[in-house]
Amino acid sequence: MGHEAQKRMMVSDVLIVGLSGLGVEVAKNIILAGVKSVTLYDPNPVTSFDLGGNFYFEEGDIGKPRADTCIGKLSELNQYVPVKVVDTISPQGMSCCCVTIPLPSADVVALNEQCRTSNCAFVYSQVAGVFSQVFCDFGAEFIVSDKDGENPQMSQIEAITVSNPGVVKVLEDQGRHGLEDGDTVKFSRVQGMPELNETEHVVKVTGPFTFEIGDCSSFSGAATQGYINQIKKPCKVTFKSLKEAMENPGEIMMTDFAKFDRPPLLHAGFRGLAAHVDESGTIAPGDFASADKVLAAAKTFFDGDMSDDQANIIKKLAVGSCAVLSPMCAAIGGIVGQEVLKSCSGKFTPINGFFYFDATETLAESLDAADVAPRNSRYDSQIAVFGFEAQKALLDLNYFLVGGGAIGCEMLKNWAMMGVGCGPKGHVTITDMDRIEKSNLSRQFLFRNTDINSAKSTTGAKAAVKMNSDLNITPMELRVGSETENTFGDAFYDKLDGVCTALDNVEARLYMDQRCVFYGLPMLESGTLGTKGNTQIVVPKLTENYGATRDPPEKSIPVCTLKNFPNMIQHTLQWARDYFEGDFKQSAEDVNSYLSAPNFEETLNAQQNTKLETVLNIKKTLVDERPYSFEDCIVWSRLKFETLFNNDIRQLLHNFPPDQKTSSGTPFWSGTKRCPTPLVFDVDAICEDADMKNHYDFIVATANMRAEMYGIKGHTDEAVFKEVLSNVIVPDFTPKDGVKIAANEAEAKEEAKGETAPVDEDASSILANLPAPASLAGFRLSPVEFDKDIDDHMLFVTACSNLRALNYKIPTKDTHTSRAIAGKIIPAIATTTALVTGLICLELYKLVGTPKKVLTAEAYKSAFCNLAIPFMTLSEPQPPKATPAMLKGKEWKWTSWDSLEMNVGDVTLKEFMQYWKDEYGLDVTMLSFGVSMIFSFFANKAKLAERMPMKMSEIVESIKKEKLPESQLFLVFEMVTEDEAGEDVDLPYVKYRFR
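Residues numbered from 1 in each chain as written. Predicted model: local features only at pLDDT ≥ 70, side-chain atom pairs only at ≥ 80, totals over all residues. Heavy atoms only, no water.

Turning our attention to a nonpolar patch on the surface. Nonpolar side chains collect at one region of the surface, where Phe-864, Ile-869 and Phe-871 lie side by side and expose about 250 Å² of accessible area between them. The topology assignment puts Ile-869 in the loop between β23 (862-866) and β24 (871-875). Classification of Ile-869 by relative accessible area gives partly exposed; the value is 39%. (Patch = residues over 30% accessible without salt bridge, like charges linked within 9 Å, V, L, I, M, F, W, Y side chains within 5 Å. Areas by Shrake-Rupley, 256 points an atom, 1.4 Å probe, with all protein chains shown as cover. Salt bridge = Lys/Arg side-chain N within 4 Å of Asp/Glu carboxyl O. Helix = DSSP H or I, 4+ residues; strand = E, 2+ residues; numbered from the N terminus. Buried < 20%, exposed > 50% of the residue type's maximum accessible area, 1.4 Å probe, protein only.)

Laid out in structure tokens, this is it:
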């Protein structure tokens, strides 16, 4: 959200009208986000339908006022956000009024007008079964400070012409500039055209790597290097009132292009529903007569003739309108919660007018009144929409939830409301090896301050059981991977109905994808990145699997760029991280290894390329540069500053002078190579400006890290630092000839390959002259492990990175930005998490199915959304890619979901080979298990004769040299086969069940 937006939210008061499923979701999201206060209004009694969406209601709460019933648990979410209940609706003094339940139409219009006169943003939203409506009115003139929340574009300048207009070209190997006509950019660190530095200009885009600015014809010369930074400007948004938008909604945001006619249809449908409710009250499940009246009213608000299919949709909206479904409340609660936060913060583009969303693909073709009749159950809402048989199927699901973080918490909440795993045959297993951290509490809403350092899986499971005591759940603290396949093995997956991933890394997702493909299980996949979210539904045989398509791997930073030629702040931050790792962690670990390992020299001999470097580092850390007081640490820090930011730079410039040319005659210091400048430390000016503050911060942070490593008490007393620094004698430095520095990545790789110890240095002799470990009995150093959440660590990394950036004239960054980059923080907010989990749980309804309806691939939806813009699109998942094969004269198109299943017991190799001959007319010419060959036509005849009478499991055990676990049911074999004509047949793997 950024500091400014967060500050604005922290002075914003929000009124929420309605505390059924949608209202509690919105309240949860904005309380976690940290508004100033939340006021609740809802005197209506809790009903059995509310239990389907409000996770803070229990069966015993039926009949109690909704707002009073859930205020206690909402107040626990964030101790800094006071929550209160009122008995009248008044937007006076509020920043936003959010209505989440149907109110009489005249009252809603009047409330909207009150909000307009009170300068209070207005959000009106409803969830009716699998249909929803959102309306936003932030007033006649609303200022948006940042329309999309994207990081401002930054590019490096290759050249700027002395012309009118000036033409700016950016470096192509750094990517496109990403600007649009009318964007504003600011120039900095420009070489050759200093007049542009720190000035702002509006751009006219002429290409992906070029744009024009104003008149540069009078400037001193052409620019050759520098940086441009996009400056985001506020924009004005005008809203219609609810009364105006009802009659003339304008263009309504579309989410599914397969339903291009849906927004105006639902606009008419919700108006028809409101008209009926105003006159006759809420519609009961299965009340088809009232549904006909809603349809008649809707037709009066609909332009043109309504088709039978469209009319059927309106009827389904009506008969399920009383239902409160947790997935719908979660998804729309995420959207509405973000709209409320937009009104408070002024950040991101709000929904302007109406937004509609539905999930009609989940619905049965038809259900009679008995199917949907209430049973005074907490599942009455789902029964009203999907019928009792579908609810029983949900209760008996056996699912594996992998991950207990933000998405995992939301998923557990949704499943507890839906009844997943709550029946006599149902069960949920959740695993997560992580512990709860304080930073988790802003989005992982099942956790509290008292849960910090507890296991996520166990804590989340306990919280979910409190929401639904019938939930059968087993929490585990294991990582999913090959090392835990004895626990999560054949017997485990054999009992599952599906898998849901709530993971934060691609590697684990790909592993779970492979498991789902092997066992033929559906996978519910979702992920978030700030306001962006995505879902992917993976259905056996119908859709491609998760691993079928993937993003390209993240680019690594070349070694020579990091060591000598940085040009971006990411380079200097990585360099600072690497330096932290080497000086404060690795050096301490090397010393401790020397002092404690009985066979240290043997270990050292295994590191031929780094042996000498390790020994010299131990000598420096243990003997030459060992501090005995904090003052020694300060002196060491000052000398390090001189080495890193002055001496090393002077040596680099000695090797490659500023005016050096390449063999082709072009300047060496051009393009991405920025000519550095040595920094001069000045103790008398260390706190005069931001740049000099980095000097001081580096000394303070480095001295304290050094002291921590040696167990010396540190401090930050400025007077002491200044006194010690003023007395440090810095040795003179003269650059040397003959020092090798790689000029490019190819030279850096060659240098790394050919690194050998100098002839006058001998690691063994240096080691022999070190103090004997016995003479330092009990002495150990404390390695410092980098943690982005420890401010002292980030002080060092930020200062070190910024000093390096100053060397190379790269724009510096503050600690907040540096922490995000160096810590590789993935931004996460509760609203996006709620949205994606709600959407993926709607897909779970489809997997369970409804009576009298068979779903095809077209019914499933994968989603991509960005709450900042706002934008959401739903699309059909791609089918799996098919490979043709001929079996017994017939073509078989197999996909990644297919295998050749063999379930005839544990047979011998001879029987195995004969099986494929008899069943498919195939001769097996090669057969392998993993990387081991079991059979081949060219193998040793004697060995084959020995294996032919052996059971397949015995052969595998002989290869692995261990017994197969009792829980293992399957073995996987790859085989090469020929048909009767001697042609190779391309086939999938063999899934062989031997137990």
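More follows now that the structure is in view.
Applying the stated criterion across every chain yields a total of 50 aromatic pairs. One aromatic cluster is present, formed by Trp-575, Tyr-579, Phe-580, Phe-584, Phe-641, Phe-645, Phe-681, Phe-698, Phe-786 and Phe-796 through successive ring pairs. Seen from the ring of Phe-388, Arg-375 lies directly overhead, with NZ or CZ sitting 4.1 Å from the centre. Positioned above the aromatic ring of Trp-575, the side-chain terminus of Arg-804 is 4.2 Å from the ring centre. (Phe/Tyr/Trp six-rings, centres within 6.5 Å; stacked < 30°, edge-to-face > 60°. Lys NZ or Arg CZ within 6 Å of the ring centre and 35° of its normal.)

Attention now goes to the side chain of Arg-262. Residue position: Arg-262 is located in helix α6 (residues 262-280). With relative accessibility at 10%, the residue Arg-262 sits in the buried group. In contact with Arg-262, other than residues within four places in its own chain, are Ile-313, Asp-358 and Thr-360. (Contact = heavy atoms within 4.5 Å.)

A word on a negative patch on the surface. The grouping of Asp-434, Glu-437, Asp-504, Glu-785 and Asp-787 at the surface amounts to a negative patch. A residue is classified by how much of its surface remains accessible, and Glu-437, at 41% relative accessible area, is partly exposed. (Lys, Arg positive; Asp, Glu negative; His and termini not counted. Charge placed at Lys NZ, Arg CZ, Asp CG, Glu CD.)

The next subject is the packing of helix α2 (residues 21-33) against helix α9 (residues 326-345). The geometry of α2 relative to α9 is characterised by a closest axis approach of 8 Å and an angle of 45° between their N-to-C directions. In terms of their interaxial angle, α2 and α9 are classed as oblique. Of the two elements, α2 crosses α9, and the hand of that crossing is right-handed. Across the interface between the two elements, Gly-21, Leu-22, Glu-25, Val-26, Asn-29, Ile-30 and Ala-33 of α2 pack against Cys-329, Ala-330, Ile-332, Gly-333, Gly-334, Val-336, Gly-337, Val-340 and Leu-341 of α9. (Axes fitted to C-alpha atoms, helices over the stretch in contact; angles between N-to-C directions. Parallel < 35°, antiparallel > 145°, perpendicular 65-115°, else oblique. Left-handed = near helix turned anticlockwise from the far one by under 90°.)

Structurally, the position occupied by Ile-31 is in helix α2. You can call Ile-31 buried: its relative accessible area is 0%. Separated by 786 residues in the primary sequence, Ile-31 and Thr-817 place their C-alpha atoms 25 Å from one another. Ignoring anything within four residues of it in the chain, the contact list for Ile-31 reads Val-38, Leu-74, Leu-77, Asn-78, Val-81 and Val-83.

The subject of this paragraph is the pairing of strand β20 (residues 498-501). Alternating residues of β20 divide into Gly-498 and Cys-500 and Val-499 and Thr-501, and every residue in both groups is buried. By the bridge criterion, 4 bridges tie strand β17 (residues 398-402) to β20 in an arrangement that is parallel. Counted as the bridge partner of Tyr-399 is Gly-498 from β20. Of the strand pairs in this sheet, β20 and strand β21 (residues 523-529) are connected by 3 bridges, and their pairing is parallel. (Pairing = 2+ DSSP bridges.)

The residue after Asn-164, namely Pro-165, is reached through a cis peptide bond having omega 0°. Mapped onto the elements, Pro-165 comes out in the loop between β8 (154-160) and β9 (167-170). For Phe-348, which is not a glycine, the phi torsion comes out positive at approximately 80°. By relative accessible area, which is 5% here, Phe-348 ends up buried. One non-glycine residue, Lys-961, lies in positive phi territory at about 60°. Inspection of the secondary structure puts Lys-961 in the loop between α31 (952-960) and β30 (970-978). For Lys-961, a relative accessible area of 74% translates into the label exposed.

Another point: helix α7 (residues 288-300). If you check α7, its first and last C-alpha atoms are 19 Å apart, about what 13 residues at 1.5 Å a residue would give, namely 18 Å. Restricting attention to buried positions, one finds in α7 the residues Ser-290, Ala-291, Val-294, Leu-295, Ala-297 and Ala-298. The arc that holds every buried residue of α7, seen down its axis, measures 165°, which confines them to one face. Of the residues in α7, the exposed ones pointing more than 90 degrees away from the buried face are Ala-289, Lys-293 and Thr-300. (Expected span 1.5 Å × (residues − 1). Arc of directions from axis to C-beta.)

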